[in-house]
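Survey of secondary and tertiary structure
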Amino acid sequence: MSTQHELPERLQTALEGVEYDVADREVVRLVSVAALTRELAPAAPDRETTQRLREQFKVRMGTAVPPRWLRWLGAWAGSGPAPRPLVERLAAGVLLIGIAGGGAGTAAGASPLELASGAVRLIESAVTNLDPRGSAGGGQTPTESPTPTTTATPVPATPSPSPGATTTATATATEDHDDDDDDDHDKKDDDHSDDDSRGRSDNSGRGNSREEEPDDNPSDDEDRVR
Amino acid sequence: MSGAATLALRAGLGRLWLTVARGLETPVQVDRAGSAEIERLRARDPQTWSLLFEREVAAIYRYALSGLGRPEDAEDVTSAVFAAAWEGADRLRDHGLPARAWLFGIARNIIGTHRRWLLRRPPVLALEAFDQPESDRGLSPELLDLAQALQRLNRGQAEVVSLRFIHGLSLEETASVLETSVEGVKGRQARALAALRETLDR
């Protein structure tokens, strides 16, 4: 068992030519395969090819190097020697759009606080709609419905010096009620929009996984450092 | 109590001093010529880049040819490797390795993505790369068997054999190109050679 663990070390020592135990048959056989492999030599470029490559490189050295952000953008688009995985590029794109959107909102007059509260509302709405019990709206109605009642009830009891006060109170109560209806409508609208966005994200998620599948090759990375 | 504490403190300080001294010594042991070259490459010094090109163009071409098989593709990839290296010179880091390892890493990525949109990733070794029309020699039956056995290895093992024994990279350079550890390369090369031996013995 221990010899199995030592084999890579013994082989490497033999390959370096530092020590060479002829009795170690296993290592001797592997060294002979390595020596045979060294004979596999692909052809070197001929003189014309080398000259062409030299000229191309000289031209490349003569032209200006694009700025770093442009190279980053190119890499994001998938060009360059080491294109990033699609998931990373999508995440970077979402982040960029988010930053650009935040900048546009600020330029349009929305304060960062409003943007943050908008984001919180969106998350709350999403969480509510992802909850199957919450999506029916049954849990929200009782909490919201007593509010106009309690607001409206004390108003008639208040001594009103003029008849207009009652109208105002009634109007207030009605307005509150209308607001609630609007909220409900808004909520429903939000529900629909969230459903749509969820549908979109699901589709995009599936799309990602489809596109990423061909790149997966676990056998390539068996020894990769994790 | 106080005597023992003082002794322990002195011993600890001594060890600390040795550690610091070793740490100070380390940069002196680094190959200064190599470090200076890396710095000049980072600064895009044309003369240093020309020297690097002359030194490594054949090796990069042969590496590309061994992966792609067609001389035209190898030429395109070699050109792209040096262009990408020149553009990304500011990303070059001094890891105590020659710039060759960095160029091979770029070449590996470019070969891996070459025509990926249309085709699957090319194999690590293309047999036609070893045909040498100018010498009329061709591969001996033994070498042909070996090349075919190499093609049947899994990708990780075939890459180690190719870089280590066909292209002559050191253990450290191979580890850098494959973004793995030296120990990982050692293990992989032993398994790959054992698998080749087994295939050849059949």
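Residues numbered from 1 in each chain as written. Chains lettered and ligands numbered in written order. Predicted model: local features only at pLDDT ≥ 70, side-chain atom pairs only at ≥ 80, totals over all residues. Heavy atoms only, no water.

**Considerations on the side chain of aspartate 90 of chain B**
Definition in use: Strands are runs of DSSP state E lasting at least 2 residues, helices are runs of H or I lasting at least 4, and numbering of each runs from the N terminus. Relative accessible area decides the class of each residue, using a 1.4 Å probe on protein chains only: under 20% of the type maximum gives buried, over 50% gives exposed, and in between gives partly exposed.
Topologically, aspartate 90 of chain B is positioned in the loop between α4 (71-87) and α5 (99-113). With a relative accessible area of 19%, aspartate 90 of chain B lands in the buried category.

**Things to note about the pattern of salt bridges**
Heads up, the rule is: What counts as a salt bridge is simple: a side-chain nitrogen of Lys or Arg found within 4 Å of a carboxyl oxygen of Asp or Glu.
Scanning all chains against the criterion turns up 16 salt bridges over all chains. A salt bridge links arginine 55 of chain B to glutamate 56 of chain B; the nearest nitrogen and oxygen atoms lie 3.5 Å apart. The salt bridge involving arginine 197 of chain B is made with aspartate 201 of chain B; its shortest N-O contact spans 3.0 Å. You can see arginine 197 of chain B and its partner aspartate 201 of chain B sitting in helix α9 (residues 182-201), four residues apart, about one turn around the helix. Here aspartate 201 of chain B falls in the partly exposed class, since its relative accessible area comes to 42%. Linked through salt bridges whose partners overlap, the residues forming this network are Glu9 of chain A together with Glu183 and Lys186 of chain B.

**What to know about the packing of helix α7 (residues 155-166) of chain B against helix α8 (residues 171-178) of chain B**
Residues and elements named next belong to chain B. What counts here: A fitted line through C-alpha atoms serves as each axis, taken over the contacting stretch for helices, and the angle formed by two N-to-C directions is quoted from 0 to 180°. For this classification, under 35 degrees means roughly parallel, over 145 means roughly antiparallel, 65 to 115 means roughly perpendicular, and everything else is oblique. Left-handed describes a crossing in which the near helix is turned anticlockwise from the far one by less than a right angle; the clockwise case is right-handed. The contact definition used throughout considers only heavy atoms, calling two residues in contact when any of these lie within 4.5 Å. For this scheme, ten residues count as nonpolar: Ala, Val, Leu, Ile, Met, Phe, Trp, Tyr, Cys and Pro. Four count as charged, namely Asp, Glu, Lys and Arg, and the remainder, Gly too, count as polar.
Closest axis-to-axis distance for the α7/α8 pair is 10 Å, and the angle between their directions is 135°. For the element pair α7 / α8, the angle class is oblique. In the crossing of α7 with α8, the sense of the turn from one axis to the other is right-handed. Seen from α7, the contacting residues are Glu159, Val160, Leu163 and Arg164; seen from α8, they are Leu171, Thr174, Val177 and Leu178. By residue class, the composition of the contact of α7 with α8 is five nonpolar, one polar and two charged.

**So, the interface of chain B and chain A**
Heads up, the rule is: Defined here as a combined quantity, buried area equals the accessible surface (1.4 Å probe) lost by two parts on assembly, summed across both.
Listed per partner, the contact involves 69 residues of chain B and 46 residues of chain A. Note on chain B versus chain A: buried area summed over both sides is about 5000 Å², and carbon and sulfur give 60% of it. Our count for the chain B to chain A interface comes out at five salt bridges. Contributing elements (two or more residues each) for the side of chain B that touches chain A: α3 (46-68), α4, α5, α6 (141-152), α7, α8 and α9 of chain B. The element contributing the most residues to the side of chain B that touches chain A is α9 of chain B, with 14 residues. Of the residues that constitute the side of chain B that touches chain A, the class distribution is 30 nonpolar, 17 polar and 22 charged.

**Notes on a nonpolar patch on the surface**
Residues and elements named next belong to chain A. The test is simple: Residues enter a patch when their relative accessible area is above 30% and they make no salt bridge; the linking distance is 9 Å between like charges and 5 Å between nonpolar side chains (Val, Leu, Ile, Met, Phe, Trp, Tyr). Using a 1.4 Å probe, accessible areas were evaluated by the Shrake-Rupley method; residue-level cover was limited to the displayed protein chains.
A cluster of nonpolar side chains, Trp69, Leu70, Trp72, Leu73, Trp76 and Leu96, forms an exposed patch at the surface whose accessible area comes to about 590 Å². Per-element accounting of the nonpolar patch gives the leading share, five residues, to helix α4 (residues 68-76). Its location among the elements puts tryptophan 76 in helix α4. The class for tryptophan 76 is partly exposed, based on a relative accessible area of 32%.

**Quick look at the packing of α3 of chain B against α5 of chain B**
All names here are of chain B. Packing of α3 against α5 brings their axes to within 10 Å, and their N-to-C directions diverge by 35°. α5 is crossed by α3, and the crossing has right-handed handedness. From α3, Trp49, Leu52, Glu56, Ala59, Ile60, Tyr63, Ala64 and Leu68 reach across to α5, where they touch Ala99, Arg100, Trp102, Leu103, Phe104, Ala107, Arg108 and Ile111. Among the residues forming the contact of α3 with α5, the class breakdown is 13 nonpolar, no polar and three charged.

**Things to note about α3 of chain B**
Rules: A residue's bend is given by the angle between axes fitted to the 7 residues ending at it and the 7 residues starting at it.
Along α3 of chain B, the sharpest change in direction is near 50° and occurs at glutamate 56 of chain B. Following α3 of chain B by one or two positions, glycine 69 of chain B adopts a phi angle in the positive range, close to 90°.

**As for the confidence of the model for chain A**
Low-pLDDT stretches of the model should not have their predicted coordinates read in fine detail. Worth spelling out the cut-off: A score between 0 and 100, pLDDT records how confident the predictor is in each residue.
Residues of chain A with pLDDT of at least 70 account for 39%, and the chain-wide mean is 62. Note that residues 134-222 of chain A has pLDDT below 50 and, in this model, 42 contacts with residues that lie over four places away or in other chains.

**Remarks on the side chain of glutamate 37 of chain B**
Put simply, the test is: Side-chain atoms alone can form a polar contact between residues adjacent in sequence; in general such a contact is a pair of N or O atoms within 3.5 Å, and within protein one must be able to donate a hydrogen while the other accepts it.
Topologically, glutamate 37 of chain B is positioned in helix α2 (residues 32-42). Among the polar contacts listed, one links the side chain of glutamate 37 of chain B to the side chain of arginine 55 of chain B, at a separation of 3.1 Å.

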